[in-house]
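Observations on the three-dimensional arrangement
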Protein chains: 2
Amino acid sequence: MSEKRLQEAIVTLKDSGVRITPQRHAVLEFLLNSMTHPTADEIYKALEGKFPNMSVATVYNNLRVFKDIGLVRELTYGDASSRFDCNTTEHYHVICESCGKIVDFHYPSLDEVESLAEQVTGFDVSNHRMEVYGICSDCQTKNAH
Amino acid sequence: MSEKRLQEAIVTLKDSGVRITPQRHAVLEFLLNSMTHPTADEIYKALEGKFPNMSVATVYNNLRVFKDIGLVRELTYGDASSRFDCNTTEHYHVICESCGKIVDFHYPSLDEVESLAEQVTGFDVSNHRMEVYGICSDCQTKNAH
DNA sequence: ACACTAATTATAAAGATTATTATGTAATAA
DNA sequence: TTATTACATAATAATCTTTATAATTAGTGT
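Calculation criteria
- Residues numbered from 1 in each chain as written.
- Chains lettered and ligands numbered in written order.
- Predicted model: local features only at pLDDT ≥ 70, side-chain atom pairs only at ≥ 80, totals over all residues.
- Heavy atoms only, no water.
- Near = heavy atom within 4 Å.
- Polar contact = N/O pair within 3.5 Å; in protein donor to acceptor, adjacent residues only side chain to side chain.
- Helix = DSSP H or I, 4+ residues; strand = E, 2+ residues; numbered from the N terminus.
- Nonpolar A, V, L, I, M, F, W, Y, C, P; charged D, E, K, R; others polar.
- Domains from an automatic or database assignment.
- Contact = heavy atoms within 4.5 Å.
- Buried area = accessible area lost by both parts, 1.4 Å probe.
- Salt bridge = Lys/Arg side-chain N within 4 Å of Asp/Glu carboxyl O.

**Some remarks on the protein's contact with DNA strand D**
Among the 18 residues in the neighbourhood of DNA strand D, the closest are listed as Thr21, Asn53 and Thr58 of chain A together with Tyr60 and Ser82 of chain B. Between DNA strand D and the protein, one listed contact pairs a phosphate oxygen with a side-chain N or O atom of Thr21 of chain A at 2.5 Å. Interatomic distance of 3.2 Å between a backbone N/O atom of Ser55 of chain A and a phosphate oxygen of DNA strand D. Of all the elements in the fold, those that place two or more residues in the surface near DNA strand D are helix H2 (22–33) and helix H4 (56–69) of chain A together with helix H4 (56–69) of chain B. The element that contributes the greatest number of residues to the surface near DNA strand D is H4 of chain A, accounting for 3 residues. Residue composition of the surface near DNA strand D, grouped by class: 7 nonpolar, 8 polar and 3 charged.

This is the structure:
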């Protein structure tokens, strides 16, 4: 299933004049197959075996390329490193304050918030982001002890 | 008007057993008087004249103290440093993607989002955050040239 | 004023990300 | 096919924000 998305992503890249290198392909594939939202370092570590010579900078470079083209989104949170999300359909995130897990959840887009903000502030609004914070069920049971 | 808030904040600090040092007082006062949401470095630079010997660590230490007590909130955004907000009443932020300016705006709290997320994901939800992104009116006129 | 404890300073260290530079590789044109 | 050009990579250094450490200084209650 994600095979199809991979092919589509590669077409998108090629149309943008981006070369498909082995490393680039691997980073993209890993991102598309991962249901979690990995950090750059997690991607780096995961591909270390297949590409022992790969540099961290390469991961960052490729993530930037994907981001510029719109294939992935960068999620930035407080004290930790950025996470990368290849699910470009509209959705929000629920984040566990205990273990850092990120779970997708769907909710009708908050368009009215955007238009209100536009009226009140005079901004030309382009998008918004929202996250819900809490404790995931795993950590709830763990903490019960 | 912010004089009153400053006094209240100092009382809150004392009640928590926190000493009021000159540096601490200055950081707090600067935060309460600033309508922008300064970064730790901006606070540091602003107080450099008055406290030539002050260390950056002191700013961070004090911000952490204020945060732990609930006097300020830490706002963390993408590629830049954290910003600190002493307005603890419920409100959201509109952020300029061009100059980084942050403007407060009020909107009824999205409680239903929280409860839906709770049902769908099994999380024990505690709070949420939302920001709207766009171009502020200043930058709109600038870019018109 | 004294003693106790916390706060400050200065510095080092950590961690994430970006910049640099030289080398390598893929695409294109002659 | 070869030369040329532009883009990618790797390795490393540098930067930037934030935290940790250790020694010194300074508030606060008695």
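**A look at the domain arrangement of chain A**
All names here are of chain A. Domain annotation for chain A reports domain 1 (2–85) and domain 2 (92–143). Domain 1 and domain 2 are separated by 23 Å when their C-alpha centres are compared. If you look at the interface, domain 1 gives 7 residues, while domain 2 gives 7 residues. For the domain 1 and domain 2 pair, buried surface summed over both sides reaches about 530 Å², with 50% attributable to carbon and sulfur atoms. On inspection of domain 1 and its partner domain 2, the count reaches 0 salt bridges. Viewed at the interface, domain 2 and domain 1 are joined by 4 residue pairs in polar contact (both at pLDDT 80 or more). Only strand S1 (73–75) and strand S2 (83–85) provide two or more residues apiece to the side of domain 1 that touches domain 2.

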